[in-house]
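Summary of structural features
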Amino acid sequence: MRLTRVPGLLFGGDYNPEQWPEEVWAEDAKLMVEAGVNMATVAVFSWSRLEPRPGEYDFGWLDRVLDLLHEHGIAADLATATATPPPWLVREHPETMPVDAHGTRLEFGSRQGYCPSSPIFRAATVRLARAMAERYGNHPALAMWHIGNEYADHTLECFCDESARHFRRWLTDRYADIDGLNAAWGTSCWGQHYTDFGQINPPRVAPGPINPAQVLDWRRFCSDALLECFEAEKVVLREVTPDIPVTTNFMSILHGLDYWKWAAAEDFVSDDAYPDPADPTSHTGIALSYDLMRSLKRRPWLLLEQAPSAVSWREVNVPKPPGKMRLDSLQALAHGADGVMFFQWRQAHYGPEKFHSALLPHGGVQTRGWQDTLRLGGDLGKLAEIAGTHGRADVALVLDWDSWWGLEAPESMPTKRLALLRLMRTWYEPLHALGITVDLTPPDRDLSDYRLVIAPNLYLCTEESAANLSAYPGELVVGSFSGVVDAADRIHPGGAPGPLRELLGLSVDEFWPLADGVEQSVRYADGTTGTATRWAEWIRTEGAAGIAEYADGDLAGQPAITRLGRATYVGCALEDVTPVLTDALTRAGVRPVADLPPGVEAGLRTGPDADYLFLLNHGTTTAALTLRAPGTDLLTGRDLHGSIEIGPRDAVVLRTAHEGEK
Ligand code: GLA
Ligand code: GLA
């Protein structure tokens, strides 16, 4: 199924014509056609131009933009334009601006300044969304709706009194009565027993650590409050334009929003991805995000923004060297994207993003950047047939936002050194290097498609999640400090691993966080050793067998890694999980999609008539590898078989027979 009515892969970018005199627009359209652009994101930050005074609209300029795009065969990803409230709203209703944890109300002058709980803000967005839908619902350029922009960017939370009232309503829905909340939050500790919901505030700045259960519910609430803003606009769009798909741009793997919940509210997932060109490993981190995007709805998704070259918001904004913009784009496709779009089309001449790269740089069509744009447009045309095909994974990594929020609570943990994304990457990086496709999954979703499931950390684990993992018949690996607390951040009876105890056949006697700089040696059964840092545990086995033990220090001789049946438990933070992973992959019978030299990434998409194997050389030297099956490289049209070479920052997209038919 296609994302929108536009055939092939989507290509284009954020288009901000209101920053330019109208004479420039004709050139924009002409050059978009030349580059093969078929989609432009319009009006994301245009509220103050579209509704310059309350209820008074100025749609003329946007009419002309959409007409122009349509005349040139370019579809619109039309924003509802609600991402930045206009000055009149802020001046008339200063209470629509967000308040920080110290009680300071933030000023106008940037963007995305709003209190997510403000009924005035919400009503104004819904009114504008309706006006946009009624104006443009039948415009032939309209292909998709883009609500808001990067929810949680700039404004994730607001601590004002309106937000406090909203938080209390949210808590009342969750706990029904105040004693339910008292029990969940454990308010007998530190004298916090409440007698009325009205006594509860957001976790503003307090004299000491705030109740972690309160902070956890606040995280849930903040994600939900923004989602309500999205939903309020979506209801109107559905009513007026039921056939136009609705999305909003995610921000890769983001701590602040529970994207499992958010994705369920969208027609398709879109993502904004900004890997740092200065970081030679950034392609691995972004691959993990892309795998999340594919997994959220288990269907193709859209890369809605990336930078053609440098961004303008890091300490040092390094450009992308020749070939990287194309390779980054092909990478998103390898991970299941059905389009690659950019921020932005024409490079700005003023404002905070004037140094941010664009598809059409300041220097115009003479530039290297423009040549890259033309080349990419050409390549995407050659890859049109992959639109709608999808990836299939045998391995899944568990990601749960509740657990992430609990683990990274600001205070009161055994250590502040366990960051979820680092734990995830410890498992993801070797899988990625091997060429094994990885899905992400919440812990309570059907896991029967997978042969191997890895939960790098499941600090917060409900009975339901534990039952789901226990019923899963495949190989399972559970990382340390899992099964510690329930949904309200209360320690499970008997301690860790709580509801996973029977499955794993052990209990954790005592957590053993390792001081900074300490390297704890671990010895495997075959005599080889590994290193744990940051975290270890004193484990008592209850049926599980030790497959590695601590080799030195106070834990010497204690089990470090255990197994019971198909369930492996890794009771420490290993620097390199390869031995455990290799064993689990062998037991699960999982094979890489290709045999890869270092620096080469593989991705496989399956279509009705063929498989598409992406081989991406992220290195700066030529890579050699041997193909398992012959095929045609869609980028060059060449038939390939046997040994092949891929140049630095180059790629092959091989159409081959389906796996079983080779
Ligand atoms: C102080 C406080 C106690 C407790 C301990 C924990 O001594 O008085 O209530 O918080 O710290 O170490
Ligand atoms: C985000 C925003 C865009 C732009 C880019 C710049 O993705 O959504 O409006 O600011 O960052 O990198």
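See the structure printed just above.
A brief structural summary. Source: prediction; values computed, not measured.

**Considering the overall build of the protein chain**
The number of helices and strands found in the protein chain is 17 helices and 27 strands. By the compact-globule yardstick of 26 Å for 662 residues, the protein chain fits well, its C-alpha radius of gyration being 26 Å. Taking the principal axes of its C-alpha atoms as reference, the protein chain extends roughly 75 × 70 × 40 Å. Taking all 662 residues of the protein chain together, 60% fall into the buried category.

**Observations regarding helix H1 (residues 22-35)**
If you check H1, its first and last C-alpha atoms are 20 Å apart, about what 14 residues at 1.5 Å a residue would give, namely 20 Å. All of the buried residues along H1 are Val24, Trp25, Asp28, Ala29, Leu31, Met32 and Ala35. In this structure, the buried residues of H1 make contact with strand E1 (10-15), helix H3 (60-71) and helix H12 (368-382).

**With respect to the sheet that holds strand E13 (residues 475-479)**
Strand order in the open sheet formed by 9 strands is E11-E10-E12-E13-E20-E19-E18-E15-E16, with mixed pairing between adjacent strands. The open sheet has two edge strands with one neighbour each: strand E11 (438-441) and strand E16 (529-532). Averaged over all neighbouring strand pairs, the angle between strand axes comes to 20°, with direction disregarded. In this structure, strand E15 (residues 520-524) lies alongside E16, joined through 4 bridges in antiparallel fashion. Within E16, the residue paired with Arg523 across the bridge is Thr529. The strands touched by helix H14 (residues 420-434) within the sheet are strand E10 (395-398), E11, strand E12 (452-455), E13 and strand E20 (567-570), with E10 carrying the most contacts at an inclination of about 165°.

**Concerning the site of ligand 2**
All residues adjacent to ligand 2 are Phe45, Arg111, Asn149, Glu150, Asp272, Tyr274, Glu305, Trp313, Phe343, Glu353 and His356. In the environment of ligand 2, an oxygen atom lies 3.2 Å from a nitrogen or oxygen atom belonging to the side chain of Tyr274. For ligand 2, the protein covers 97% of the area, taking 310 Å² as the surface of the free molecule. Here the shell around ligand 2 is built from residues that sort into 4 nonpolar, 2 polar and 5 charged.

**Observations regarding the packing of aromatic side chains**
For the coordinates displayed, the defined rule picks out 27 aromatic pairs. Taken together, a centroid distance of 6.4 Å and an interplanar angle of 85° make the contact between Tyr151 and Phe230 edge-to-face. One end of the pair, Tyr151, is in the loop between strand E4 (142-146) and helix H6 (161-175); the other, Phe230, is in helix H8 (residues 212-240), and 79 residues separate them in sequence. We note that Tyr151, like Phe230, is buried. Ring centres 4.5 Å apart and planes at 50° place the aromatic pair Phe481 and Trp535 in the tilted group. On the criterion of sequence distance, the pair formed by Phe481 in the loop between E13 and helix H16 (501-504) and Trp535 in the loop between E16 and strand E17 (537-541) is long-range, its members being 54 residues apart. Classification of Phe481 by relative accessible area gives buried; the value is 3%.

**Thoughts on the packing of H3 against helix H5 (residues 119-136)**
Running from amino to carboxyl end, H3 crosses H5 at an angle of 45°, the nearest separation of the two axes being 12 Å. As summarised for this structure, H3 and H5 are arranged oblique, according to the angle between their axes. Note on packing geometry: the crossing formed by H3 with H5 is right-handed. Counting all contacts with H3, which are made through Leu62, Asp63 and Leu66, the residues of H5 involved are Met132, Arg135 and Tyr136. Residues belonging to the contact of H3 with H5 are distributed by class as follows: 4 nonpolar, no polar and 2 charged.

**A look at the environment of Gln19**
One can find Gln19 in the loop between E1 and H1. Each C-alpha atom of the pair Gln19 and Tyr350 lies 8.6 Å from the other, and the pair is 331 residues apart in sequence. Not counting the four nearest positions on each side in its chain, Gln19 is found in contact with Ala348 and Tyr350.

**Side note on the pairing of E11**
Taking every second residue as pointing to the same face, both faces of E11 are buried, with Val438 and Leu440 on one and Asp439 and Thr441 on the other. Sheet topology note: the E10/E11 ladder contains 4 bridges and is parallel. Across the sheet, the residue bridging to Ala396 is Asp439, located in E11.

**Looking at unusual backbone geometry**
For the bond from Phe343 to Gln344, the omega torsion is -5°, close enough to zero to count as cis. Among the structural elements, Gln344 can be located in the loop between strand E9 (337-342) and H12. Along the chain, Ala496 connects to Pro497 via a cis peptide bond; the corresponding omega equals 0°. For Pro497, the position within the fold is in the loop between E13 and H16. Even without being a glycine, Ala81 presents a positive backbone phi close to 70°. In this fold, Ala81 is placed in the loop between strand E3 (75-79) and helix H4 (87-92). Ala81 gets classed as buried once you look at its relative accessible area, which sits at 1%.

**Digging into the pattern of salt bridges**
The final tally for this structure, using the stated rule, is 47 salt bridges. For Arg53, the salt bridge is made with Glu56, and the minimal N-O distance between the two is 3.2 Å. What makes Arg53 partly exposed here is its relative accessible area of 47%. Residue Glu56 is classed as partly exposed on the basis of its relative accessible area of 39%. Note that Lys382 is salt-bridged to Asp379, the shortest N-O span being 3.4 Å. With Lys382 and Asp379 both in helix H12 and 3 residues apart, this pair spans about one turn of that helix. Assessed through its relative accessible area of 4%, Asp379 is described here as buried. Here the salt bridges do not stand alone but share partners, grouping Asp291, Arg294, Arg298, Asp439 and Asp449 into one network.

**Quick word on the pairing of strand E21 (residues 600-606)**
Counting buried residues in E21 gives 6 out of 7 residues, a clear majority hidden from the surface. Of the pairings in the sheet, the one linking E21 to strand E22 (residues 611-617) comprises 7 bridges and is antiparallel in character. Within E22, the residue paired with Ala602 across the bridge is Leu615. Between E21 and E22, which pair antiparallel in sequence order, lie 4 residues.

**Considerations on the side chain of His166**
Structurally, His166 is set in helix H6. Here Glu228 takes part through its side chain, which lies 3.1 Å from a polar atom of the side chain of His166. Here His166 is in contact with Ser117, Arg122, Phe221, Ala225 and Glu228, once residues within four sequence places are set aside.

**Focus: the sheet that holds strand E8 (residues 301-305)**
Strand pairing within a sheet occurs via backbone hydrogen bonds; the two strands may be parallel or antiparallel. Spatial strand order, E5-E4-E3-E2-E1-E9-E8-E7-E6: 9 strands in an open sheet with parallel pairing. What marks the edges here is a single partner per strand, and that holds for strand E5 (246-247) and strand E6 (249-250). Here strand E2 (residues 39-42) pairs with E3 via 4 bridges, running parallel. Bridged to Thr41 within E3 is Asp77.

The rules behind the values
Residues numbered from 1 in each chain as written. Chains lettered and ligands numbered in written order. Predicted model: local features only at pLDDT ≥ 70, side-chain atom pairs only at ≥ 80, totals over all residues. Heavy atoms only, no water. Helix = DSSP H or I, 4+ residues; strand = E, 2+ residues; numbered from the N terminus. Rg over C-alpha atoms; globule rule 2.2 N^0.38 Å. Buried < 20%, exposed > 50% of the residue type's maximum accessible area, 1.4 Å probe, protein only. Expected span 1.5 Å × (residues − 1). Contact = heavy atoms within 4.5 Å. Pairing = 2+ DSSP bridges. Axes fitted to C-alpha atoms, helices over the stretch in contact; angles between N-to-C directions. Near = heavy atom within 4 Å. Polar contact = N/O pair within 3.5 Å; in protein donor to acceptor, adjacent residues only side chain to side chain. Areas by Shrake-Rupley, 256 points an atom, 1.4 Å probe, with all protein chains shown as cover. Nonpolar A, V, L, I, M, F, W, Y, C, P; charged D, E, K, R; others polar. Phe/Tyr/Trp six-rings, centres within 6.5 Å; stacked < 30°, edge-to-face > 60°. Parallel < 35°, antiparallel > 145°, perpendicular 65-115°, else oblique. Left-handed = near helix turned anticlockwise from the far one by under 90°. Salt bridge = Lys/Arg side-chain N within 4 Å of Asp/Glu carboxyl O.

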